[in-house]
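Observations on the three-dimensional arrangement
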Amino acid sequence: MADTTHPEGGHGEQKSRRDFLYLTTAAVGAVGVAAFIWPFIDYMNPAADVLALASIQVDLSAVEAGQAITVMWRGKPVFVRHRTPGEIEAARAVDVDTLKDPQPDSARVQEGHDQWLVVVGICTHLGCVPLGQKPADPRGDYGGWFCPCHGSHYDTSGRARLGPAPTNLPVPEYSFMSDTRITIG
Amino acid sequence: MAQGLAESHYSNPTIRWIDSRLPIFTMMHKEYGEYPAPKNFNYFWNFGALAMVVLLVMIVTGIFLAMHYTAHVDHAFNSVEAIMRDVNYGWLMRYIHMNGASMFFIVIYIHVFRGLYYGSYKQPRELLWMLGVVILLLMIMTAFLGYVLPWGQMSFWAATVITNLFSAIPLVGESIVTWLWGGFSVDNPTLNRFFALHYLLPFVIVGVVFLHVAALHITGSNNPLGIEPKSKRDTLPFHPYYTIKDMFGLGVFLIFWAMFVFFAPNYLGHPDNYIPADPLVTPPHIVPEWYFLPFYAILRAVPDKLFGVILLFGAIVVLFFLPWLDTSKVRSTRFRPVYKWFFWLFVVDCVVLGYCGAMPAEGIWLVLSQLGTIYYFGFFLVIMPLVGKFERPRPLPASISEPVLPQSGGGPLPAGATAKPMEKA
């Protein structure tokens with residue numbers, strides 16, 4: 001250790017001392033710049049008033065079997081469909097391994113509430129809103145949803161079956177407050 | 001060297017490739033690396049660089065504030081409050097910006113008085129000075145426009161009063177005011193255009209600052225002695241000598257600024273501006289922000305509407321003529337034994353005017369404002385031309401080095417310095 005702190009020539013010591021000062025100055029400067037930049041980055045994150053609207057409650061009591069409603073959540077449409085027993089059966093009969101985004105229907109609904117399917121209504125291809133919510137809408141080859149933009153078909157579990165959509169319609173985080181009331185987000 | 005390429009002394013191939021096509025590295029090295037600056041700068045020469053930093057911080061925080069601000073009479077006040085309460089670090093952004101306006105004026109006023117004291121406006125730096133006055137005018141406009149945006153009571157009534165100044169113009173005054181407002185009172189069209197212009201003008205300032213710096217680098221900087229550098233011994237390369245001095249000054253200045261932002265964010269503001277704008281009620285005591293108070297005192301000192309407005313604008317416009325109003329050949333006030341007293345009296349006068357501007361326009365304050373106004377214009381229009389003619393200045397040193405470096409054989413000089421006699425231009 002003595003060799004490194006007291007080298008032979010005074011010049012070498014000067015140099016390492018200066019290097020040390022440069023490095024510590026640069027390090028303090030880097031920390032300062034980062035500390036100054038962070039508020040600017042965080043400023044662009046969702047504000048408190050936006051986060052306050054991040055969860056909503058939905059009353060399902062008026063939705064009859066076979067009907068669907070669309071609710072707005074975080075600026076996006078959320079599809080809530082009251083599935084008929086036939087639709088549930090169709091969703092469960094599929095061989096999961098043949099799907100492009102394999103997921104069993106049971107993983108996409110909540111236990112004991114099999115009739116309720118809640119998905120974010122945005123096509124996973126390029127962000128259009130698929131058709132299939134209104135009774136007159138085309139529902140595609142698999143009875144779920146059909147995206148008119150580029151022809152993706154979703155089944156009665158909201159899974160991508162045909163067309164360019166790479167993944168299933170995502171299921172948002174939600175929970176049942178009662179049998180007819182859910183909180184999304 | 002291929003045909004049509006600039007010469008570059010950089011060895012790094014990438015830098016050299018760029019530099020020989022767009023000599024930006026060579027230019028930066030010339031203007032901020034080896035740029036020869038007089039070696040006797042004091043800390044008053046920090047304020048140009050400080051102003052540059054404040055301008056950039058104002059632009060950056062302003063752009064971020066604009067991301068959450070809504071320029072509409074129904075939403076402006078609430079959007080500012082949302083920035084304060086809901087947006088992440090919105091309070092910080094707004095307090096930096098709000099106090100930044102005050103910091104900008106502190107820095108610029110010191111910068112202007114520096115120029116005034118050391119005669120930086122004199123030949124050959126007249127245009128440099130006039131560009132600076134243009135920047136000051138743009139700053140005043142920008143600060144006023146920005147003050148209107150939160151749409152509080154002071155915003156609204158500041159907009160009303162200042163735009164009404166133009167109604168003093170004979171014949172077309174009323175039409176001009178209607179045109180400025182885009183309606184028959186300060187309302188949504190006014191707020192919208194004020195926002196648009198408040199966003200625009202800082203970039204215009206950046207443009208004029210560029211010209212200001214370009215002009216500075218032609219004539220070179222003035223210095224506390226007010227004499228031109230005569231040889232290389234009188235100057236230092238800008239880097240590292242003045243980059244480090246500017247950095248140190250910046251550190252001290254940022255602490256001062258942060259003190260306001262974190263510990264007294266509303267000290268320089270007015271509480272009435274936290275009341276939403278109400279076109280039906282004028283606050284009992286309206287005053288401008290502190291940096292406009294001297295001008296406000298001048299406006300109120302005159303009992304005539306048109307003449308008051310003329311003096312208000314005249315107080316800035318007179319600065320354009322400074323290079324020709326000052327008849328003294330000596331730049332630095334250090335060597336002007338008579339003018340020195342008038343200069344410091346002028347500084348006191350500006351402070352007194354500022355104080356009067358904050359007080360009600362009656363009794364002693366009105367009398368003081370009037371005396372202050374007379375001295376303000378008397379200083380520029382009478383004292384400056386006359387003192388320069390009659391004053392006998394103290395002898396100037398032969399060079400910047402002469403007063404500090406001992407003459408040959410005088411004292412310990414670095415090796416080599418004594419080897420050759422001092423160059424005389």
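Residues numbered from 1 in each chain as written. Chains lettered and ligands numbered in written order. Predicted model: local features only at pLDDT ≥ 70, side-chain atom pairs only at ≥ 80, totals over all residues. Heavy atoms only, no water.

This part is about the overall build of chain A. Summing up its helical and strand segments, chain A has four helices and nine strands in all. Helices and strands in chain A line up, N terminus first, as α-α-α-β-β-β-α-β-β-β-β-β-β. The C-alpha radius of gyration of chain A comes to 28 Å, more than 25% above the 16 Å expected for a compact globule of 185 residues. Seen through its principal axes, chain A has C-alpha atoms that stretch 90 × 40 × 35 Å. By the burial criterion, 34% of the 185 residues in chain A qualify as buried. (Helix = DSSP H or I, 4+ residues; strand = E, 2+ residues; numbered from the N terminus. Rg over C-alpha atoms; globule rule 2.2 N^0.38 Å. Buried < 20%, exposed > 50% of the residue type's maximum accessible area, 1.4 Å probe, protein only.)

Here the focus is the state of the cysteines. Taken as a whole and judged by the stated rule, the model has one disulfide over all chains. Considering cysteine sulfurs only, B:Cys350 is the nearest to B:Cys356, which forms no disulfide, with 12 Å between them. (Disulfide = S-S within 2.5 Å.)

Turning next to the interface of chain A and chain B. In many analyses, interface size is given as the accessible surface area lost on bringing the parts together. The interface of chain A with chain B comprises 12 residues on the first partner and 15 residues on the second. Summing the contributions of chain A and of chain B, the shared interface buries around 1200 Å²; its carbon and sulfur component is 71%. Looking only at chain A, the three residues that lose the most surface to chain B are A:Pro39, A:Phe40 and A:Tyr43, adding up to 56% of its buried area. Linking chain A to chain B there are zero salt bridges. In this structure, the connection of chain A to chain B is made through four residue pairs in polar contact (both at pLDDT 80 or more). Considering each element in turn, the side of chain A that touches chain B owes the most residues, six residues, to helix 2 (residues 10–43) of chain A. Of the residues assigned to the side of chain A that touches chain B, the class counts are nine nonpolar, one polar and two charged. (Contact = heavy atoms within 4.5 Å. Buried area = accessible area lost by both parts, 1.4 Å probe. Salt bridge = Lys/Arg side-chain N within 4 Å of Asp/Glu carboxyl O. Polar contact = N/O pair within 3.5 Å; in protein donor to acceptor, adjacent residues only side chain to side chain. Nonpolar A, V, L, I, M, F, W, Y, C, P; charged D, E, K, R; others polar.)

The omega torsion across B:Gln123 and B:Pro124 is 10°, close enough to zero to call that bond cis. Turning to its location among the elements, B:Pro124 is positioned in the loop between helix 5 (90–117) and helix 6 (126–148). Of note, the bond from B:His239 into B:Pro240 is cis; its omega dihedral lies within 30 degrees of zero at 5°. Assignment of secondary structure puts B:Pro240 in helix 10 (residues 238–263). Within the chain, A:Arg74 stands out as a residue other than glycine whose phi angle is a positive 50°.

Residue and element names in this part refer to chain B. Summary statistics for chain B give a mean pLDDT of 93 and a share of 95% for residues scoring 70 or more. Here residues 409–413 is a poorly scored stretch, pLDDT under 50, and it has four contacts once near neighbours within four places are set aside; other chains count. For the stretch residues 415–425, pLDDT sits under 50, and the model shows six contacts to residues farther than four places along the chain or on other chains. Across the assembled chains, the prediction reports ipTM 0.81 with pTM 0.85. (pLDDT = per-residue confidence, 0-100.)

As a further point, take the pairing of strand 8 (residues 174–178) of chain A. Residue and element names in this part refer to chain A. Pairing geometry for strand 8 and strand 9 (residues 181–184), over four bridges, is antiparallel. Within strand 9, the position partnered with Tyr 174 by the bridge is Ile 184. Counted between consecutive antiparallel strands, the loop separating strand 8 from strand 9 contains two residues. (Pairing = 2+ DSSP bridges.)

Take the domain arrangement of chain B next. All names here are of chain B. Here chain B is partitioned into domain 1 (32–282) and domain 2 (287–392). The straight-line distance from the C-alpha centre of domain 1 to that of domain 2 is 22 Å. Each partner contributes to the interface: domain 1 provides 44 residues, whereas domain 2 provides 35 residues. A buried area of about 3400 Å², summed over both sides, lies between domain 1 and domain 2, and 70% of it is on carbon and sulfur atoms. Together, Tyr 117, Lys 122 and Leu 165 form the three largest contributors to the area buried by domain 1 at its contact with domain 2, with a combined 20%. Counting across the domain 1 and domain 2 interface gives two salt bridges. A salt bridge links Lys 122 to Asp 326; the nearest nitrogen and oxygen atoms lie 3.1 Å apart. In this structure, the connection of domain 1 to domain 2 is made through 14 residue pairs in polar contact (both at pLDDT 80 or more). Looking at the side of domain 1 that touches domain 2, the elements with two or more residues in it are helix 5, helix 6 and helix 7 (153–164). It is helix 6 that provides the largest number of residues to the side of domain 1 that touches domain 2, a total of 11 residues. The residue inventory of the side of domain 1 that touches domain 2, partitioned by class, reads 30 nonpolar, 10 polar and four charged. (Domains from an automatic or database assignment.)

Another point: the environment of B:Asp278. Residues and elements named next belong to chain B. As for its placement among the helices and strands, Asp 278 is situated in the loop between helix 10 and helix 11 (293–301). Taking the C-alpha atoms as reference points, Asp 278 and Asp 19, separated by 259 residues in sequence, lie 57 Å from one another. A distance of 2.9 Å separates a polar atom in the side chain of Asp 278 from the backbone nitrogen of Leu 280.

Per the domain assignment, the segments of chain A are domain 1 (9–45) and domain 2 (51–184). Using C-alpha coordinates to define each centre, domain 1 of chain A is positioned 52 Å away from domain 2 of chain A.

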